[in-house]
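The primary structure of each chain is shown beneath.
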Amino acid sequence: MAVMADQCPGINIKVVDIDQKRIDRWNNLDNSDLPVYEPGLEEVLTRVRGKNLTFTTDLEREIGSADMVFLSVNTPTKNYGYGAGQAADLSYIESAARQIAEYGKGQTIVVERSTLPVRTAEALQTILKQGNGDQYKILSNPEFMAEGTAIADLQNPDRVLVGGQCSESVEELASIYRNWVPNNRILRTNVWSAELSKLTANAFLAQRISSINSIAALCEKSGANITEVKQAIGADTRIGSSFLNPGPGFGGSCFKKDILNLAYLADHFGLMEVANYWRSVLELNEWTQHRMAQIVSQKFYGTLRGKKIAVLGFSFKANTNDTRESPAIELCSKLIQEGAHLCIHDPRVTESEIKRELRKNERHRSFGSYQYEQELNSAVEDAHAVVVMTDWDEYRRLDWATIANKMQRPGWVFDTRGITNLREAAANGLETWEVGCGDLQ
Ligand code: UDX
């Protein structure tokens with residue numbers, strides 16, 4: 001919404017939330033406590049906040065006066081009842097829809113922005129009909145931005161998708177995007193195609209990562225090198241070179257949830273083979289996450305008791321403080337379970353966030369322990385191993401001479417992202433392992 005306000009000075013945008021504290025943080029003028037860390041967001045926000053972008057909790061007033069309402073609420077995986085662990089929990093969408101039905105006045109376009117299973121628009125329409133039915137037109141306008149590059153993705157999207165049955169409403173929303181997106185990049189579809197395209201795009205992206213991670217494991221066994229294989233296959237224009245980096249498994253709030261959702265939908269329509277096909281992408285990812293901890297443990301002859309391990313990076317990828325579904329959670333829980341003492345460093349994730357995530361896995365707690373370290377140099381002090389988990393830029397440029405000096409011997413470096421200079425680490429007396437390559441020969 002900040003980017004939209006920035007690109008469309010003539011449109012008045014009100015961001016409404018029921019959480020007063022969250023709204024206060026958005027309104028805090030010094031930007032020191034924004035609910036989200038996203039490169040470039042502060043600059044955009046500073047230009048538009050208080051001008052054509054306002055944050056408020058006054059639902060009744062803002063819904064009542066809006067021509068268009070964007071629904072951007074959470075759709076986590078349902079953790080209760082029918083479809084638990086697979087289907088999307090639509091309770092937030094439902095309550096937001098009920099609020100629109102209660103407060104909406106006059107003709108209003110309701111835009112689904114949250115990622116929703118196919119045919120949610122139908123459910124939405126049913127709820128809204130309980131108000132003054134025909135006054136609402138429903139559009140699906142899923143978002144394809146990725147965290148960490150959200151501002152650039154929004155300012156210059158590959159495409160914008162607007163799905164709807166009422167072409168007039170579709171064009172109304174398209175005309176907003178036309179303020180900064182070329183018309184040929186604004187795709188108009190029916191509402192169901194728009195809903196399904198979002199799930200499919202994420203499933204295809206996730207599938208690419210599971211594919212490359214499966215080959216990375218094969219490289220380690222066979223003497224092939226994933227960097228070379230990646231280059232060889234990426235040069236085929238039909239495959240393309242982006243999104244082919246092997247790693248500790250994908251994380252983030254979308255991929256797992258959306259594939260579960262897609263598989264659930266396929267099951268619902270009786271397409272078991274389709275559901276199983278997509279679930280296998282998730283199974284491979286779980287195996288990949290688990291594999292990283294196993295490798296660390298194996299290098300220490302299966303016992304990590306009394307070993308100090310520095311974990312570099314806790315967010316699910318670089319340039320975000322988001323830890324949802326981060327592969328670091330699985331790795332840390334497993335290593336603690338094996339008795340290791342972890343020192344966890346991340347340039348953006350806070351200590352309380354790390355604690356919150358690891359607390360969820362408390363059942364794993366046994367002999368090991370963990371602590372947060374703000375300083376990288378303290379995290380590696382006396383460590384038996386360093387595990388690079390997130391592709392933060394600063395981990396690409398580590399000073400291995402200094403780090404090696406502080407570590408125990410034998411000291412190991414595990415690079416689960418293939419980003420750090422392992423030759424330098426090895427030259428300073430450390431043993432090394434890299435995803436898709438294995439031990440340094
Ligand atoms: C994703 C989609 O990219 C975006 O279009 C959608 O709107 C939301 O979901 P996001 O979850 O922010 O975005 O992150 P993304 O950049 O896709 O990365 C997801 C995970 O895959 C991360 O854990 C990342 O480290 C991993 N990844 C990505 C790899 O392991 N290798 C790659 O080559 C790319």
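Above this text you will find the structure in question.
Residues numbered from 1 in each chain as written. Predicted model: local features only at pLDDT ≥ 70, side-chain atom pairs only at ≥ 80, totals over all residues. Heavy atoms only, no water.

### Quick look at the overall build of the protein
- Counting its regular elements, the protein contains 18 helices and 14 strands.
- At 24 Å, the protein has a C-alpha radius of gyration in line with the 22 Å of a compact globule built from 441 residues.
- Expressed along its principal axes, the backbone C-alpha trace of the protein runs to roughly 70 × 50 × 45 Å.
- Counting across all 441 residues of the protein, residues that qualify as buried make up 49%.
- Across the protein, contacts joining residues at least 24 apart in sequence account for 72% of those joining residues at least 6 apart.
- In the structure as shown, the protein presents an accessible area of about 21,100 Å², 48% of it carried by carbon and sulfur atoms.
- Where the 48 positive side-chain charges of the protein centre and where its 57 negative ones centre are 1 Å apart. (Helix = DSSP H or I, 4+ residues; strand = E, 2+ residues; numbered from the N terminus. Rg over C-alpha atoms; globule rule 2.2 N^0.38 Å. Buried < 20%, exposed > 50% of the residue type's maximum accessible area, 1.4 Å probe, protein only. Contact = heavy atoms within 4.5 Å. Areas by Shrake-Rupley, 256 points an atom, 1.4 Å probe, with all protein chains shown as cover. Lys, Arg positive; Asp, Glu negative; His and termini not counted. Charge placed at Lys NZ, Arg CZ, Asp CG, Glu CD.)

### Quick look at the site of the ligand
- Close to the ligand lie 19 residues; Phe144, Met145, Glu147, Lys317 and Arg417 are nearest.
- Contact distances for the ligand include 2.6 Å between an oxygen atom and a backbone N or O atom of Phe144.
- Between the ligand and the protein, one listed contact pairs an oxygen atom with a backbone N or O atom of Leu244 at 3.3 Å.
- The protein chains hide 91% of the 660 Å² of surface that the ligand would expose on its own.
- Examining the composition of the shell around the ligand, we find that 4 residues originate from one element, helix H9 (residues 191-222), more than from any other. (Near = heavy atom within 4 Å. Polar contact = N/O pair within 3.5 Å; in protein donor to acceptor, adjacent residues only side chain to side chain.)

### A word on the pattern of salt bridges
- Under the criterion given, the structure shown has 22 salt bridges.
- Residues Arg178 and Glu171 are paired through a salt bridge, measuring 3.8 Å at the closest nitrogen-oxygen approach.
- Taken together, the shared-partner salt bridges in this structure form one network comprising Glu353, Arg356, Glu357 and Lys360. (Salt bridge = Lys/Arg side-chain N within 4 Å of Asp/Glu carboxyl O.)

### Describing unusual backbone geometry
- Pro410 follows Arg409 through a cis peptide bond whose omega is -5°.
- Along the chain, Pro410 turns up in the loop between helix H17 (400-406) and strand S12 (412-415).
- Even without glycine at this site, Tyr301 takes up a positive phi of about 55°.
- Locating Tyr301 in the fold gives a position in the loop between helix H12 (272-299) and strand S8 (308-312).
- In this structure, Asn319 takes a positive phi of about 65° despite not being glycine.
- Along the chain, Asn319 falls in the loop between S8 and helix H13 (327-337).
- Taking relative accessible area as the criterion, Asn319 reaches 34% and is therefore assigned partly exposed.

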